[in-house]
Amino acid sequence: VKLPNEDEGRAQVQAAFGTQLAEMGRLLDLAFLVFPHGGITIMKTRGLDRAVVHVSAGLFAKACKTYRSIVQMCEAGLTEDAFVLSRGLFETALAVFWILKTASRRRAQMYLAHLSMRDKKMFLEWKRTKGIKRYATARMMRTVDAQIAESARLLKPQYMTGLAESYSGKSIKDTAKA
């Protein structure tokens, strides 16, 4: 299903911004070159471990996919949708920069703890919602509780504070400053 005048809109966007869109595509190609098919070798490992690499690489991949979606929305002339996706791209990039800036091991663990806490909140909401209660299984709750307990074991208590709301325990503004 296409929007009314979608083909004409795409042609107009291509005519007006084809050069910029092509450059955006080349930038995305460059980003994918970071991950060659044989894997990557990290030469300086100070502050890094498997969790840091997996979290930051996963977020980088998410950022690349979001960027690709933004390009596609722009090509289709759907600028409002592209703008909404841009906010997600900003937040993903902020998370990567925040994790890698300093104390990467702790910050990666905080990010993982936040995801587990977010999942628990969602499962609890499911349990209160008619029609989907059965999907919040006891096994799922045990798994997420174990993940949160493991994070609490690895992190000092002051770093667990606020993680239910955000991965840094702070607002986006304060995270950007940190």
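Look a little higher up for the structure.
Everything numeric here is computed off the predicted structure, so don't read it as measured data.

1. Some thoughts on helix α5 (residues 138–154)
Line of reasoning, step 1. Here α5 is 17 residues long and its end C-alpha atoms lie 24 Å apart, about the 24 Å a rise of 1.5 Å per residue gives.
Line of reasoning, step 2. Turning to α5, its buried residues number three or more, namely Met 141, Val 144, Ile 148 and Ser 151. The arc that holds the buried residues of α5, viewed along the axis, is 90°, so those residues lie on one side. Exposed side chains of α5 directed beyond 90 degrees from the buried face belong to Ala 138, Arg 139, Arg 142 and Arg 153.
Line of reasoning, step 3. Those residues of α5 that are buried are in contact with α4 (104–127) and α6 (157–160).

2. Comments concerning the packing of aromatic side chains
By convention here, two paired aromatic rings are described through the distance between centres and the angle between planes.
Line of reasoning, step 1. Here the structure, examined in full by the defined rule, presents three aromatic pairs.
Line of reasoning, step 2. Arranged with centres 5.5 Å apart and planes meeting at 50°, the rings of Tyr 111 and Tyr 167 form a pair that is tilted. Of this pair, Tyr 111 sits in helix α4 while Tyr 167 sits in the loop between α6 and α7 (172–177), and the two are 56 residues apart along the sequence. Neither Tyr 111 nor Tyr 167 differs from the other in exposure class; each is buried.
Line of reasoning, step 3. Connected via pairs of aromatic rings, a cluster forms that spans Trp 98, Tyr 111 and Tyr 167.
Line of reasoning, step 4. Over the ring of Tyr 159 we find Arg 106; its NZ or CZ atom is 4.0 Å from the centre of that ring.

The rules behind the values
- Residues numbered from 1 in each chain as written.
- Predicted model: local features only at pLDDT ≥ 70, side-chain atom pairs only at ≥ 80, totals over all residues.
- Heavy atoms only, no water.
- Helix = DSSP H or I, 4+ residues; strand = E, 2+ residues; numbered from the N terminus.
- Expected span 1.5 Å × (residues − 1).
- Buried < 20%, exposed > 50% of the residue type's maximum accessible area, 1.4 Å probe, protein only.
- Arc of directions from axis to C-beta.
- Contact = heavy atoms within 4.5 Å.
- Phe/Tyr/Trp six-rings, centres within 6.5 Å; stacked < 30°, edge-to-face > 60°.
- Lys NZ or Arg CZ within 6 Å of the ring centre and 35° of its normal.

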